[in-house]
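Here is what each chain is made of, one letter per residue.
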Amino acid sequence: MLAFDKILSGNQDISCMTCHPPSFGSTDRRTLSIGQGATGVGPSRVHPSGTFIPRNSPPLFNLHLQRSFFWDGRVEELENGSLSTPAGAQVTAGMEATFEFGALSAVGLFPVMSRAEMRAETGNELAARADGDFTGVWADLMTRLGAIAEYRTMFEAAYPGTTFDNMTFAHASNAIGGFILSEFAFVDTGWDLFLLGDDSQLSNTQLEGALSFMNQRCLRCHEADNLIDDGFHNVATPQLGPGRGNGPGGLDDFGREGVTGDPDDRRRFKTPQLRNVELSAPYGHAGQFADLFTIVEHYDDIDARLLEYDATQVETALQSTVLDNFADILLNRDTILAPIEFDEGEAENITAFLLSMTDAAARDLTAVIPATVPSGLEVDR
Ligand code: HEC
Ligand code: HEC
């Protein structure tokens, strides 16, 4: 209910699931997401002033396999098991004790803080809070939720022994994390069944593609079982859109460097997991690649591909925003990628192989959309 309820946004016009709509594979199918102040869902969403947020909305699949969240991993579980987030000590020990699902439990604490995504610049009590006042915004949200009797009952049922008035927004965020884990875990793919011994799951083309995936180093980052390495890499993807306040005019996005402060991390982004990748186009941290084949082909002689990047594959409004900084991007392109060159047909085969990573049950997620939410606000579907 919380994930679908617009009550969590400043002006009550957007919910978490507006940008991760189950009707579109838990991503919005946009190059970049469109935040509060707009109308519509997924491909038909429009903002009156044409505003986008800086990054592409990732799907919510199989997040139980990840230790870090967002393209730069700014919410993550460290090696020692402790939590690192942009809110520092405002995520109190008491809040951490509430979390049952690792760092994922904390993710919901942050979209509600972002003015562009949910909070808005003006027009509501959350917007009036200072930008660093996480605690204040979270308290305001609990005040809103506590005014709705149905939420009080639901919270107290979900956390037996704690009264609503003794809860924090960590209880809400944890509940959303649990919902995502339980409803978006889809690992029964053709590839998984093949690994368990069912040879009939992959066609010959897909088998060829699997071989290329291994020989062409894809597996170095999209590793064996989970197809992720918990790592961050610069795979020479172009930059577009409003940016994250980095570089000239603030239009660039330095990725992982924004979290660690280490210039070696410049333009490194989290390796995405690939199960159900078929369902979450467009691809890349800024939705730079319109379809699966195009991002696979990008790895073939990668530096030249970046220099020839075709901006017509992104949304019309964003085509002119592709930064002319290719030389800078290539300065610390991951060295693992340098020698990759495909033979004729390899990009097609790898693409076919990636389609074996779709769990058929993930194709229709609409059953998770509630008919109504306790606030009575409209549910995007
Ligand atoms: C305006 C659109 C928008 C809204 C609203 C929104 N998200 Fe997202 N979500 C995104 C984008 C874009 C990213 C990637 C952001 C980044 O990397 O900086 C993201 C990332 C995530 C991730 C990380 C996935 C991963 O693989 O790392 C999770 C989980 C998530 N959102 C859950 C939520 C929840 C829960 C809410 C509501 C509290 C929410 N989102 C609201 C657009 C949105
Ligand atoms: C050096 C590590 C690394 C290697 C090697 C690598 N990838 Fe990636 N891959 C990434 C990262 C990081 C991203 C996200 C890049 C970005 O958004 O800027 C990505 C993105 C992708 C995506 C888009 C997924 C999405 O959800 O947006 C696909 C598909 C993909 N890679 C396939 C491959 C294939 C096929 C190969 C081998 C030819 C390969 N990768 C090799 C790290 C790697």
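Residues numbered from 1 in each chain as written. Chains lettered and ligands numbered in written order. Predicted model: local features only at pLDDT ≥ 70, side-chain atom pairs only at ≥ 80, totals over all residues. Heavy atoms only, no water.

*Asks:* Explain the domain arrangement of the protein to me, please; I cannot follow it from the model alone.
*Replies:* Interfaces are often sized by the amount of accessible area the parts lose when they come together. Domain assignment breaks the protein into domain 1 (6–184) and domain 2 (190–360). Taking only C-alpha atoms, the centre of domain 1 and the centre of domain 2 are 26 Å apart. Listed per partner, the contact involves 26 residues of domain 1 and 31 residues of domain 2. Surface buried jointly by domain 1 and domain 2 totals about 2600 Å² across both partners, of which 53% is contributed by carbon and sulfur atoms. Together, T31, L65 and W71 form the three largest contributors to the area buried by domain 1 at its contact with domain 2, with a combined 26%. The interface formed by domain 1 and domain 2 includes five salt bridges. Here R67 and D230 are joined by a salt bridge, their closest N and O atoms 3.5 Å apart. (Domains from an automatic or database assignment. Contact = heavy atoms within 4.5 Å. Buried area = accessible area lost by both parts, 1.4 Å probe. Salt bridge = Lys/Arg side-chain N within 4 Å of Asp/Glu carboxyl O.)

*Asks:* Please explain the coordination of the iron atom of ligand 2 as it appears in this structure.
*Replies:* Four donors placed tetrahedrally around a metal ideally meet at 109.5 degrees, and six donors placed octahedrally ideally meet at 90 or 180 degrees. At 2.0 to 2.1 Å from the iron atom of ligand 2 lie its protein donor atoms, namely H222 (NE2) and Y299 (OH). Classification of the site at the iron atom of ligand 2 rests on its six donor atoms, whose angles at the metal span 85 to 180 degrees, yielding the label octahedral. Taken together, the residues span a long stretch of sequence, with H222 in the loop between helix 10 (218–221) and strand 4 (232–233) and Y299 in the loop between helix 12 (292–298) and helix 13 (302–307) at a distance of 77 residues. Using a relative accessible area of 11% as the deciding quantity, one classes H222 as buried. (Donors = N, O, S within 2.8 Å, 3.2 Å for Na, K, Ca; no water. Tetrahedral: all angles 85-135°; square planar, octahedral: opposite > 155°, others 65-115°. Helix = DSSP H or I, 4+ residues; strand = E, 2+ residues; numbered from the N terminus. Buried < 20%, exposed > 50% of the residue type's maximum accessible area, 1.4 Å probe, protein only.)

*Asks:* When you look at the sheet that holds strand 1 (residues 68–69) in this model, what are you seeing that I'm missing?
*Replies:* Sheet strands pair via backbone hydrogen bonds, and the direction of the pair is either parallel or antiparallel. In space, the three strands of this open sheet follow the order 1-2-3, with antiparallel pairing throughout. Edge positions in the open sheet fall to strand 1 and strand 3 (83–84), since each of these has one partner strand only. Relative to strand 2 (residues 75–77), strand 1 runs antiparallel, the two sharing two bridges. By the bridge assignment, S68 is partnered in strand 2 with E76. (Pairing = 2+ DSSP bridges.)

*Asks:* Sorry, what's going on with the packing of aromatic side chains here?
*Replies:* For any pair of aromatic rings, geometry is given as the distance between the ring centres together with the angle between the planes. Inspection of every chain in the model, using the stated rule, returns 12 aromatic pairs. On the numbers, 5.8 Å between centres and 70 degrees between planes, the contact of F110 with F134 is edge-to-face. Of the two residues, F110 sits in the loop between helix 3 (104–107) and helix 4 (115–119) while F134 sits in helix 5 (residues 134–146), which places them 24 residues apart along the sequence. Where F155 meets F164, the ring centres are 5.3 Å apart and the plane angle is 75 degrees; that geometry is what we call edge-to-face. Exposure class is identical for F155 and F164. Each is buried. (Phe/Tyr/Trp six-rings, centres within 6.5 Å; stacked < 30°, edge-to-face > 60°.)

*Asks:* Looking at this structure, how should I read the pattern of salt bridges?
*Replies:* Two side chains that carry opposite charge are able to pair once their charged atoms sit near each other. Following the criterion strictly, the structure yields 24 salt bridges and no others. Here R244 ties to D72 by a salt bridge, and the two come within 3.7 Å at their closest N and O atoms. Highlighted residues: R244 in the loop between strand 4 and helix 11 (257–260) and D72 in the loop between strand 1 and strand 2, separated in sequence by 172 residues. For R244, a relative accessible area of 37% puts it in the partly exposed group. The shortest N-O distance in the salt bridge between D140 and R129 comes to 2.8 Å. In this pair, D140 sits in helix 5 while R129 sits in the loop between helix 4 and helix 5, placing the two residues 11 residues apart along the sequence.

*Asks:* Before we go on, may I ask you to explain the coordination of the iron atom of ligand 1 in this structure?
*Replies:* For the iron atom of ligand 1, the protein supplies a single donor, H20 (NE2), at a distance of 2.1 Å. You can see H20 is positioned in the loop between helix 1 (16–19) and strand 1.

*Asks:* Would you explain the site of ligand 1 in this entry?
*Replies:* Taken together, 28 residues sit near ligand 1, with C16, C19, H20, W71 and K270 positioned nearest. Note that an oxygen atom of ligand 1 is positioned 2.8 Å from one of the backbone N or O atoms of F70. Within the residue set of the shell around ligand 1, elements represented by two or more residues are helix 1, helix 3 and helix 4. Grouping the amino acids of the shell around ligand 1 by side-chain chemistry returns 16 nonpolar, eight polar and four charged. (Near = heavy atom within 4 Å. Polar contact = N/O pair within 3.5 Å; in protein donor to acceptor, adjacent residues only side chain to side chain. Nonpolar A, V, L, I, M, F, W, Y, C, P; charged D, E, K, R; others polar.)

*Asks:* What should I look at first to understand helix 15 (residues 346–355) in this one?
*Replies:* Structurally, the α-helix is built with 3.6 residues per turn, so residues lying three or four positions apart point the same way. The buried fraction of helix 15 is high, at eight of 10 residues. In the core, the buried residues of helix 15 are packed alongside helix 8 (190–195), helix 9 (204–215) and helix 12.

*Asks:* What is the right way to look at the site of ligand 2 in this model?
*Replies:* Ligand 2 sits among 24 residues. The nearest are C218, C221, H222, T237 and Y299. Within the contact set of ligand 2, an oxygen atom lies 3.0 Å away from a backbone nitrogen or oxygen of G284. Contact between ligand 2 and H285: an oxygen atom at 2.6 Å from a main-chain N or O atom of the residue. Counting residues per element, the ones that place at least two in the shell around ligand 2 are helix 10, strand 5 (269–270) and helix 12. Class assignment of the residues belonging to the shell around ligand 2 gives a composition of 15 nonpolar, six polar and three charged.

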